[in-house]
Amino acid sequence: MSISLDIGCGPNPRNIFKADEVWGVDIRTYADKPEIRAADLVVEPIPFEDASFDFVTAHDFIEHVPRVLYMPQRRFPFIELMNEVWRVLRPDGRFLSYTPAYPHAAAFRDPTHVNIIAEDTFSLYFDDKNRWATMYGFNGAFRILQNEWMGPHLLTVMQKVSDPGPPPVR
């Protein structure tokens, strides 16, 4: 049985991978939707156990997660979220991000877009070869399966690498 999690889902979690069971996480509470848990993923962990999901999806969500916060100590919420996605995925689980990206105006138009993604953000910082995000505290690694433009959106699908090993020396 496959299980999927849609983060930043709003009232209707998406099931792009056609999983048997679908959960959601959103900043809002939906009393009539027990399959959606409330959490502010900028400052809170994903409210599920380790290795709970075969799939995690984020549709028009990543761009709303700040890269840096001072509260009062410096934190990297986007890095922390990527650690959380890696944590809740099962071995070989897949993460799909669908986000407006640079250089398209849609990446900048909405004033709540605080994390501008570029075509090589995931493939340089969170992949299993470069792993540049380790310098900011990223502990995992993903194999990049797909990274393509769909209009102003970048669709990226990554597979969890269960044992990423030590980060490469730069």
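From a predicted model like this one, the values you see are computed outputs, not experimental measurements. (Residues numbered from 1 in each chain as written. Predicted model: local features only at pLDDT ≥ 70, side-chain atom pairs only at ≥ 80, totals over all residues. Heavy atoms only, no water.)

**Student:** Which residues make up the layout of surface pockets, and what values go with them?
**Tutor:** For the largest pocket, the calculated volume is near 270 Å³. In this structure, the largest pocket is lined by 17 residues; those nearest its centre are Gly 8, Cys 9, Asp 26, Ile 27 and Phe 61. Looking at the lining of the largest pocket residue by residue, the class counts come to seven nonpolar, four polar and six charged. Each pocket or cavity is described by its volume, and for the second largest pocket that value is around 160 Å³. Around the second largest pocket, the lining residues are Arg 67, Val 68, Phe 76, Phe 78, Ile 79, Thr 121, Tyr 125, Phe 126 and Tyr 136. The set of elements that each furnish at least two residues to the lining of the second largest pocket consists of α1 (77–88) and α3 (121–125). (1 Å grid on protein atoms, 1.4 Å probe; cavity = no way out; pocket = protein on both sides within 12 Å on 5 of 7 lines; lining within 4 Å. Points joined across faces, edges and corners; volume = space filled by probe spheres on them. Nonpolar A, V, L, I, M, F, W, Y, C, P; charged D, E, K, R; others polar. Helix = DSSP H or I, 4+ residues; strand = E, 2+ residues; numbered from the N terminus.)

**Student:** Talk me through the nonpolar core; I want residue IDs and the actual numbers.
**Tutor:** Across soluble globular proteins, you tend to see nonpolar side chains buried next to one another. Core analysis: the largest hydrophobic core is formed by 34 residues, its most contacted members being Ile 7, Ile 46, Phe 95 and Phe 142. For this core, the secondary structure elements donating two or more residues are β1 (3–7), β4 (53–59), α1, β7 (89–100) and β9 (153–160). Ranked by residues supplied to this core, first place goes to α1 with seven residues. Those residues in contact with Ile 46 that sit more than four places away from it in its chain are Leu 5, Ile 7, Val 25, Leu 41, Leu 81, Glu 84, Val 85, Arg 87 and Val 88. (Core = buried A, V, L, I, M, F, W, Y, C linked by side-chain atoms within 4.5 Å. Buried < 20%, exposed > 50% of the residue type's maximum accessible area, 1.4 Å probe, protein only. Contact = heavy atoms within 4.5 Å.)

**Student:** An account of the pattern of salt bridges is requested, with residue identities and associated values reported.
**Tutor:** Applying the stated criterion to the full structure yields seven salt bridges. Between Asp 26 and Arg 28 there is a salt bridge, with the nearest N and O atoms lying 3.0 Å from each other. Assessed through its relative accessible area of 48%, Arg 28 is described here as partly exposed. A salt bridge links Arg 90 to Asp 54, with the shortest nitrogen-to-oxygen separation between them at 2.9 Å. Of the two residues, Arg 90 is situated in strand β7 and Asp 54 in strand β4; the sequence distance between them amounts to 36 residues. Overall, the relative accessible area of 25% leaves Arg 90 in the partly exposed class. Counted as one network, the salt bridges with shared partners bring together Asp 50, Glu 84 and Arg 87. (Salt bridge = Lys/Arg side-chain N within 4 Å of Asp/Glu carboxyl O.)

**Student:** I'd like a rundown of the pairing of β7, residues and numbers included.
**Tutor:** Looking at chain direction, β4 and β7 are connected through six bridges and run parallel. The residue bridging Val 56 from the neighbouring strand is Phe 95, located in β7. Judged from the seven bridges that link them, β7 and β9 form a sheet pairing that is antiparallel. From the neighbouring strand, Leu 96 faces β9, where its bridge partner is Val 157. (Pairing = 2+ DSSP bridges.)

**Student:** Hey, could you go over the environment of His 153 for me, with residue numbers and the actual values?
**Tutor:** Within the fold, His 153 resides in strand β9. Sequence separation between His 153 and Thr 99 is 54 residues, and the spatial gap between their C-alpha atoms is 5.1 Å. If sequence neighbours within four positions are ignored, His 153 has contacts with Asp 60, Tyr 98, Thr 99, Pro 100 and Glu 148.

**Student:** Which residues make up the pairing of β9, and what values do they have?
**Tutor:** Among the eight residues that make up β9, eight are buried, leaving the element largely enclosed by the rest of the structure. With burial as the criterion, each face of β9 is covered, one bearing His 153, Leu 155, Val 157 and Gln 159 and the other bearing Leu 154, Thr 156, Met 158 and Lys 160. Where strand β8 (residues 142–150) meets β9, eight bridges bridge the pair, whose relative direction is antiparallel. Bridge pairing links Glu 148 to Leu 155 in β9. What sits between the antiparallel neighbours β8 and β9 is a turn of two residues, in which Gly 151 has the positive phi angle 65°.

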